[in-house]
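# Chains, contacts and geometry: an overview
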Amino acid sequence: MSPFAKIRTVGIDLGTSSIKISAGPRKLKFPSIIGEPNPGFRGITMDKSWENNLVIELENGEEYYVGELARLQSLVKIPLAREGRMKSAKDALIAVKAALGLIAERPEEVFVIATGVPVATGQAEMETLSRSIVGTHEIRIKNDATGDKKIAKVKIVAAPVMPEPYGSWYYVLKKKGEKTAIDSVIIDIGYGSTDILTIYNGTILRTASGSIVEAIDTIVTKLAQYLNEKTGRMIKPEMLISTIEKGLMAVNIGGTTYDISPQINALSEYVARVIADELARLLDTLPPDALIKYFILVGGGVYLLGPKLKEALLARGFVKSPEQIIIPDDPVMSNAMGFELVAQYYSQRLLGGK
Ligand SMILES: Nc1ncnc2c1ncn2[C@@H]1O[C@H](COP(=O)(O)OP(=O)(O)OP(=O)(O)O)[C@@H](O)[C@H]1O
Ligand SMILES: [Mg+2]
């Protein structure tokens, strides 16, 4: 029997605001931050889930809060990615290990992990992360709410690291049953950035890929400013995220309901236009034989901006027919799910399959 007879595959999408993990039926999402422990502030928490109370103990004895626990409790928070790029491979590895600790089911397991990082991350940083993931790790995690501990010994036999939207491209092509690499553009509208990735002849065309800061953050920030001026109350942008996620067009401030549909409409149009402008700039650099068949729209921002962006793509002639614009069933998880398929591809090759 091959030493890799039981390879588990995991896909990770390490974004600027959240990390998504796909491992078979398990799907996880937590904020893209780690932080210094702040046990003095431990509250009486109702939520005792591992995901929201995750602490990792490193080999050198250091402890970090990971994800939601870091967001809520750490005084010193370390973002894993910012301005469209991964900040430090060392910090990213801590989050990857913590995620694996959650996923591990048996004391010793073999994994292939494919990870996506923001588009503006340099090649050297991506290689450093890949090299540091490969190998044997003893992962120690702790549930801060219950005090439960878990130790998992994992052997990672391959760890490709690629730009995030590649995951969705792979996912969409596999689901469509495409057998060859199809020239495509993937637009990933996140919270803190919109990433654009162009794939030509099966490889990532760096010159026609990039990242802009206009995304959902732009909309909630400008909307908060408007409401501050209108109501004289302090409205934080984060407070408007759930309004956007629920698709609401009105907010309640101090007992008064405000219709925000004109503002949301105007802001969505503005962000969709900025994305289309950037796309035009990037596509101008394409070689003449590149024939972009698919425009794949992903990221949670698609729920709000998808319709406006579709309109813009058609109006500007980037696409000839609406069928060329594809939104996967779960545009938030599709990168991670695609990377899981990439990990499966690597593991089949290791197992000596096709
Ligand atoms: N079902 C939904 N309806 C409307 N908005 C949503 C939905 N799901 C997520 N969003 C919003 O879309 C935005 C982007 O979500 P996403 O998970 O893609 O961001 P992210 O990947 O964490 O950000 P980044 O790519 O910048 O790191 C978030 O602000 C989120 O609130
Ligand atoms: Mg994202």
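Up top you'll find the structure we're talking about.
The following paragraphs examine the structure supplied in this document. The model shown is predicted, which means the values in this text are computed figures rather than measured ones. Numbers given for residues are sequential positions, taken from 1 along each chain in its written order. Chain letters and ligand numbers both follow the written order, the letters beginning at A and the numbers at 1. A pLDDT threshold of at least 70 governs which residues receive local features in this predicted model, and a stricter bar of 80 or more applies before side-chain atom pairs are shown or counted, although totals over entire chains, interfaces and linings include all residues. With hydrogens and water set aside, each side-chain value is computed from the structure's full complement of heavy atoms.

Broken down by element type, the chain carries nine helices and 21 strands. As defined in this context, the radius of gyration uses C-alpha atoms, and a globule is described by 2.2 Å times the residue total to the power 0.38. The C-alpha atoms of the chain give 21 Å as radius of gyration, which agrees with the globular expectation for 354 residues (20 Å, within 12%). Across its three principal directions, the C-alpha atoms of the chain cover 55 × 55 × 30 Å. Within the chain, buried positions represent 54% of all 354 residues. Contacts: residue pairs with any heavy atoms within 4.5 Å of one another. Long-range pairs, those at least 24 residues apart, make up 70% of the contacts in the chain between residues at least 6 apart in sequence. Note on areas: Shrake-Rupley with a 1.4 Å probe; residue coverage comes only from the protein chains shown. Surface summary for the chain: the accessible area is close to 16,500 Å², and the carbon and sulfur share equals 52%. The sign given to each residue is positive for Lys and Arg and negative for Asp and Glu; His and the chain ends receive no count. Each charge is placed at NZ for Lys, CZ for Arg, CG for Asp and CD for Glu. Each charge sign in the chain was given a centre, from 42 positive and 40 negative side chains, and these centres are 3 Å apart. What counts as a helix is a DSSP run of H or I of at least four residues, what counts as a strand is a run of E of at least two, and both are numbered from the N terminus. When accessible area is computed with a 1.4 Å probe and restricted to protein chains, residues below 20% of their type maximum are described as buried, those above 50% as exposed, and intermediate ones as partly exposed.

What follows is about the site of ligand 1. With respect to spatial proximity, 20 residues lie near ligand 1, and among them Thr16, Ser17, Ser18, Lys20 and Glu245 are the closest. One of the backbone nitrogen or oxygen atoms of Tyr191 is found 2.9 Å away from an oxygen atom of ligand 1. In this structure, Gly192 approaches ligand 1 through a main-chain N or O atom, which is 2.9 Å from an oxygen atom. For ligand 1, whose unbound accessible area comes to 630 Å², protein coverage reaches 88%. Cavities and pockets are found on a 1 Å grid laid over the protein atoms alone: a cavity is a set of points where a 1.4 Å probe fits but cannot escape, a pocket is an open set with protein on both sides within 12 Å along at least five of seven lines, and a lining residue has an atom within 4 Å of such a point. Assignment of a molecule to a cavity or pocket requires that more than half of its atoms lie within 2 Å of the corresponding grid points. Structurally, ligand 1 is housed in the largest pocket. Counting only elements with at least two residues in the shell around ligand 1, the list comes to strand 2 (18-23) and helix 6 (241-245). Here the shell around ligand 1 takes three residues from helix 6, the largest share from any one element. Polarity classes work like this: nonpolar for Ala, Val, Leu, Ile, Met, Phe, Trp, Tyr, Cys and Pro, charged for Asp, Glu, Lys and Arg, and polar for all others, with Gly in that last group. Its residues assigned to classes, the shell around ligand 1 comprises seven nonpolar, ten polar and three charged. When we say a residue is near a molecule or strand, we mean one of its heavy atoms is within 4 Å of it. The definition of a polar contact used here is a pair of N or O atoms within 3.5 Å, where within protein one atom must be able to donate a hydrogen and the other to accept one, and adjacent residues in sequence count solely through side-chain atom pairs.

Glancing now at helix 8 (residues 302-315). Residue count minus one, scaled by 1.5 Å, sets the expected span of a helix. With 14 residues, helix 8 extends 18 Å between its outermost C-alpha atoms, agreeing within 8% with the 20 Å of an ideal straight helix rising 1.5 Å per residue. Residue Lys308 marks the point of greatest curvature in helix 8, where the axis turns by about 30°. Taken residue by residue, helix 8 has Val302, Leu304, Leu305, Gly306, Lys308, Leu309, Ala312 and Leu313 as its buried positions. Next to the buried residues of helix 8 lie strand 14 (184-189), helix 5 (216-231), helix 6, helix 7 (261-283), strand 20 (294-298) and strand 21 (325-326). Consider a residue and the seven residues that end there alongside the seven that start there; fitting an axis to each set, the bend is the angle between those axes.

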